[in-house]
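Structure at a glance
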Amino acid sequence: KARRFRTNCLASVGYNASARAWSEVAWTRTTFVQPQMHAYDREFYDVDTKKYTVDSWLDGLEERYGGIDSALVWPTYTNIGI
């Protein structure tokens with residue numbers, strides 16, 4: 001039932017999996033842990049010193065998740081719609 005649903009959904013949008021072969025997106029096949037974060041995240045940016053704290057941010061991710069493969073930094077999210 002689920003496979004038939006998936007097949008029908010993919011067919012309805014004309015999906016043919018050709019994008020998976022693009023070299024530009026090859027990295028996505030090996031990035032399994034990718035947190036989304038914001039550029040103003042207090043664990044990533046120290047407002048008092050006005051400096052980014054990348055090393056301590058990565059250390060925290062190492063402690064919580066065992067490390068990450070990539071990060072999605074979304075600095076404009078809160079400005080969408082304004």
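Residues numbered from 1 in each chain as written. Predicted model: local features only at pLDDT ≥ 70, side-chain atom pairs only at ≥ 80, totals over all residues. Heavy atoms only, no water.

Side note on helix α1 (residues 2-12)
- Little of α1 is tucked away, with 0 of its 11 residues classed as buried.
- Directly beyond the C-terminal end of α1, a positive phi value near 70 degrees is found at G14. (Buried < 20%, exposed > 50% of the residue type's maximum accessible area, 1.4 Å probe, protein only. Helix = DSSP H or I, 4+ residues; strand = E, 2+ residues; numbered from the N terminus.)

Description of a positive patch on the surface
- The grouping of R3, R6, R20 and R29 at the surface amounts to a positive patch.
- Structurally, the position occupied by R29 is in the loop between α1 and β1 (36-37). (Patch = residues over 30% accessible without salt bridge, like charges linked within 9 Å, V, L, I, M, F, W, Y side chains within 5 Å. Areas by Shrake-Rupley, 256 points an atom, 1.4 Å probe, with all protein chains shown as cover. Salt bridge = Lys/Arg side-chain N within 4 Å of Asp/Glu carboxyl O. Lys, Arg positive; Asp, Glu negative; His and termini not counted. Charge placed at Lys NZ, Arg CZ, Asp CG, Glu CD.)

Some words on a negative patch on the surface
- A cluster of acidic residues, D55, D59, E62 and E63, forms a negative patch at the surface.
- Mapped onto the secondary structure, D55 falls in helix α2 (residues 54-65).

Some thoughts on a nonpolar patch on the surface
- A cluster of nonpolar side chains, F32, V33 and Y65, forms an exposed patch at the surface whose accessible area comes to about 350 Å².
- The topology assignment puts V33 in the loop between α1 and β1.

With respect to the side chain of S70
- By secondary structure assignment, the location of S70 is in the loop between α2 and β4 (72-73).
- Overall, the relative accessible area of 15% leaves S70 in the buried class.
- Within the structure, the side chain of S70 is placed 3.2 Å from the side chain of Q34, a separation counted as a polar contact.
- What S70 contacts, discounting residues up to four positions off in sequence, is W27, T31, V33, Q34 and P35. (Polar contact = N/O pair within 3.5 Å; in protein donor to acceptor, adjacent residues only side chain to side chain. Contact = heavy atoms within 4.5 Å.)

Description of the pattern of salt bridges
- By the definition in use, this model includes 1 salt bridge.
- Across the pair R64 and E43 runs a salt bridge, and its minimum N-O distance is 3.5 Å. Residue R64 is found in helix α2, and its partner E43 is found in the loop between β1 and β2 (45-46); the two are separated by 21 residues along the sequence.
- Assessed through its relative accessible area of 46%, R64 is described here as partly exposed.

A short note on the side chain of T31
- Along the chain, T31 falls in the loop between α1 and β1.
- Residue T31 is classed as buried on the basis of its relative accessible area, which comes to 15%.
- Here S70 takes part through its side chain, which lies 2.5 Å from a polar atom of the side chain of T31.
- Setting aside residues no more than four positions away along its own chain, T31 makes contact with D69 and S70.

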